[in-house]
Amino acid sequence: MGPQEITLFDLPSKEPCVSWSLNPWKTRFLLNYKGLEYKTEWLNYPEIAPRIRPHLPPNETGRAYSIPTIQFPDGTYVMESRKIAEAIEQRHPSPPVYLDDPTVQKIERLVFKSIKPLYPLLMYKISQVILTEKSYDYWVGQYTREYGMTLDEYERQFGGEKAWAAAEPAMSELTAILKEKQAEGPFFLGKEVSYADFVWLGGLIFVKRTDEKLFQELLDRTGDRAAHERLFEACAPWMKRDDY
């Protein structure tokens with residue numbers, strides 16, 4: 001690792017290996033936008049805890065060890081996308097991403113409420129089209145236990161219109177904020193790029209790389225496809241680096 005190079009720990013996909021998961025993309029966007037030197041270290045699911053445990057205590061909630069995690073050039077490790085964003089912003093404040101802006105914080109909540117209900121439409125497909133052989137048994141076993149059923153059964157019971165109905169209220173609110181701000185510019189803060197853009201675009205990339213048809217339907221169901229396509233296009237320069 002170079003003296004000023006950050007290491008981003010990310011989840012590999014099947015070949016050709018690209019970044020696909022929502023939370024790592026939040027960090028990747030930040031690194032790309034701020035022009036920071038970094039390299040990617042790909043970790044399959046069973047490799048995450050053994051690699052990170054020697055350097056960090058477990059998460060207080062959720063998975064004990066998770067992706068994204070980064071290692072700064074001074075050897076400091078930080079885990080969880082929001083904590084990583086705060087650490088990067090503190091060390092590299094320019095250009096700013098307005099983490100404390102109320103709109104940014106609201107969009108973070110709305111993205112969670114928009115994407116999480118779509119998991120019944122995504123999880124089985126992720127197991128089939130995204131996961132590497134080394135991750136498959138670990139990941140499928142984890143979620144099969146968590147849901148108490150197979151992933152295809154989870155989709156049958158909770159997918160379809162049930163999933164969309166649960167996601168659409170938050171997506172509609174998110175779209176209303178974006179449309180209002182796009183009177184000034186393509187981003188959630190109008191002319192200013194912010195972390196809100198990266199959080200939502202991370203969600204969109206997550207869906208797109210799992211199922212293109214589902215991604216197109218999501219754009220239709222937001223209530224204004226053009227507004228989200230405009231944001232996607234404006235952020236395209238920071239999506240180019242996703243595979244190393």
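Residues numbered from 1 in each chain as written. Predicted model: local features only at pLDDT ≥ 70, side-chain atom pairs only at ≥ 80, totals over all residues. Heavy atoms only, no water.

Going by an unreviewed UniProt entry, the protein carries the name Glutathione S-transferase and comes from Trichoderma breve.

> Help me out: how do you make sense of the UniProt feature "domain: Glutathione S-transferase UstS-like C-terminal" (unreviewed entry) in the protein in this one?
The positions that UniProt labels "domain: Glutathione S-transferase UstS-like C-terminal" (unreviewed entry) are, in the present scheme, residues 114-238. The annotated region residues 114-238 carries 75% helix and 0% strand content, and the separation between its end C-alpha atoms amounts to 23 Å. (UniProt positions renumbered as here; feature names shortened; annotations may be inferred. Helix = DSSP H or I, 4+ residues; strand = E, 2+ residues; numbered from the N terminus.)

> Explanation requested: the packing of helix 9 (residues 195-210) against helix 11 (residues 225-234) in the structure shown.
For any two helices packed against each other, one specifies the crossing angle of their axes together with the interaxial distance. In contact at an axis separation of 11 Å, helix 9 and helix 11 are set at 100° when each is read in the N-to-C sense. With respect to helix 11, the element helix 9 is oriented roughly perpendicular. Taken together, the residues of helix 11 that come into contact with helix 9 (itself represented by D197, W200, L201, L204, I205 and K208) are H228, L231 and F232. Of the residues in the contact of helix 9 with helix 11, the class split is six nonpolar, one polar and two charged. (Axes fitted to C-alpha atoms, helices over the stretch in contact; angles between N-to-C directions. Parallel < 35°, antiparallel > 145°, perpendicular 65-115°, else oblique. Contact = heavy atoms within 4.5 Å. Nonpolar A, V, L, I, M, F, W, Y, C, P; charged D, E, K, R; others polar.)

> Would you take a moment to explain the sheet that holds strand 2 (residues 38-42) for this structure?
Picture the strands of a sheet paired through backbone hydrogen bonds; they go either parallel or antiparallel. Here four strands make up an open sheet; going across it, the order is 2-1-3-4 and the pairing mixed. Of all the strands in the sheet, just strand 2 and strand 4 (77-79) have a single pairing partner and so form its edges. The average undirected angle you get between the axes of adjacent strands in this sheet is 20°. Where strand 3 (residues 69-71) lies against strand 4, three bridges are found, and the strand directions are antiparallel. (Pairing = 2+ DSSP bridges.)

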